[in-house]
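Inside the fold
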Amino acid sequence: MFLDSTNLIADSPPDNGVLKFFTDLNESLMEKLQKAVPKAKFIKVFSSVGSGLMVNPRLSDRPTMFICGNDDAAKIVVKSLLDDFGWDVADMGKMQSARAIEPLCILWCIPGFIRNEWNHAFKLLKS
């Protein structure tokens, strides 16, 4: 099992705090990795938060980690790990969902680049 925290960030600098990707949104980096190593069990996780918040995030509420991957058993292991680390989990499905998860890093980085604010995470609210 591989925890995939990669993103498609280009070498060019951010534009007003907005990162650029080196591909389009029709294929995630996770999908590229899965094609390169078809037998690997990749789980997209931690790609939309900084390293300082990955374990025991000290925030006003328990944040949500969006995950996806093709192997359901591996996702169960990752969900348990995330629970231990202080995260709620939102399973977004199979690896194609990484196309939506990876761009969250762009949104997460904007406050950091424009205001040097890096201590935040996403929260999925449900009724």
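Provided above is the structure to which this section pertains.
All values reported here derive from a predicted model rather than from experimental measurement.

Time to look at the state of the cysteines. Counted according to the given criterion, the structure contains 0 disulfides. In this structure C68 is not part of a disulfide, and its nearest cysteine sulfur, from C105, lies 14 Å away.

Looking now at a nonpolar patch on the surface. A cluster of nonpolar side chains, namely M1, L3 and V77, defines an oily patch on the protein surface of about 280 Å² accessible area. Relative to the assigned elements, M1 resides in the segment before β1 (2–4).

This paragraph deals with the nonpolar core. If you look at the biggest cluster of nonpolar residues, it comprises 29 residues, and the most contacted ones within it are V45, F46, V49, M65, I67 and L82. Secondary structure elements with two or more residues in this core: α1 (29–36), β2 (42–44), β3 (64–69), α2 (72–85), α3 (98–101) and α4 (104–115). In this view, F46 contacts S5, M54, M65, L82, F85 and W87; residues no more than four positions away in its chain are not counted.

This next bit is on the sheet that holds β3. To summarise the sheet geometry, strands pair through backbone hydrogen bonds and adopt either a parallel or an antiparallel arrangement. In spatial order, the strands read β1-β2-β3-β4; together these 4 strands make up an open sheet with mixed pairing. Every other strand in the sheet has two partners, leaving β1 and β4 (88–91) as the edge strands with one partner each. Adjacent strand axes in the sheet meet at a mean angle of 35°, parallel and antiparallel pairs treated alike. Note: β3 against β4, 4 bridges, orientation parallel. In the strand pairing of β4, T64 is matched with D88. Where α1 meets the sheet, it contacts β1, β2 and β3, and its direction lies at approximately 175° from that of β2. Against the sheet, α2 contacts β1, β2, β3 and β4, and its axis sits at roughly 165° relative to β3.

Before going further, it helps to spend a moment on the environment of M1. As for M1 and K39, which are separated by 38 residues in sequence, their C-alpha atoms are 9.7 Å apart. Excluding residues within four positions of it along the chain, M1 makes contact with K41, I43, A74, V77 and V78.

So, about the pairing of β3. Extensive coverage of β3 is indicated by the burial of 6 of its 6 residues. Every second residue of β3 is oriented toward a common face, with T64, F66 and C68 on one face and M65, I67 and G69 on the other, all of them buried. Across 2 bridges, β2 lies against β3 in antiparallel orientation. When the bridges of β3 are listed, I43 appears paired with G69.

Every buried residue of α1 is listed here: L29, M30, E31 and Q34. In this structure, the buried residues of α1 make contact with β1, β2, β3 and α3.

Procedures and definitions
Residues numbered from 1 in each chain as written. Predicted model: local features only at pLDDT ≥ 70, side-chain atom pairs only at ≥ 80, totals over all residues. Heavy atoms only, no water. Disulfide = S-S within 2.5 Å. Patch = residues over 30% accessible without salt bridge, like charges linked within 9 Å, V, L, I, M, F, W, Y side chains within 5 Å. Areas by Shrake-Rupley, 256 points an atom, 1.4 Å probe, with all protein chains shown as cover. Salt bridge = Lys/Arg side-chain N within 4 Å of Asp/Glu carboxyl O. Helix = DSSP H or I, 4+ residues; strand = E, 2+ residues; numbered from the N terminus. Core = buried A, V, L, I, M, F, W, Y, C linked by side-chain atoms within 4.5 Å. Buried < 20%, exposed > 50% of the residue type's maximum accessible area, 1.4 Å probe, protein only. Contact = heavy atoms within 4.5 Å. Pairing = 2+ DSSP bridges. Axes fitted to C-alpha atoms, helices over the stretch in contact; angles between N-to-C directions.

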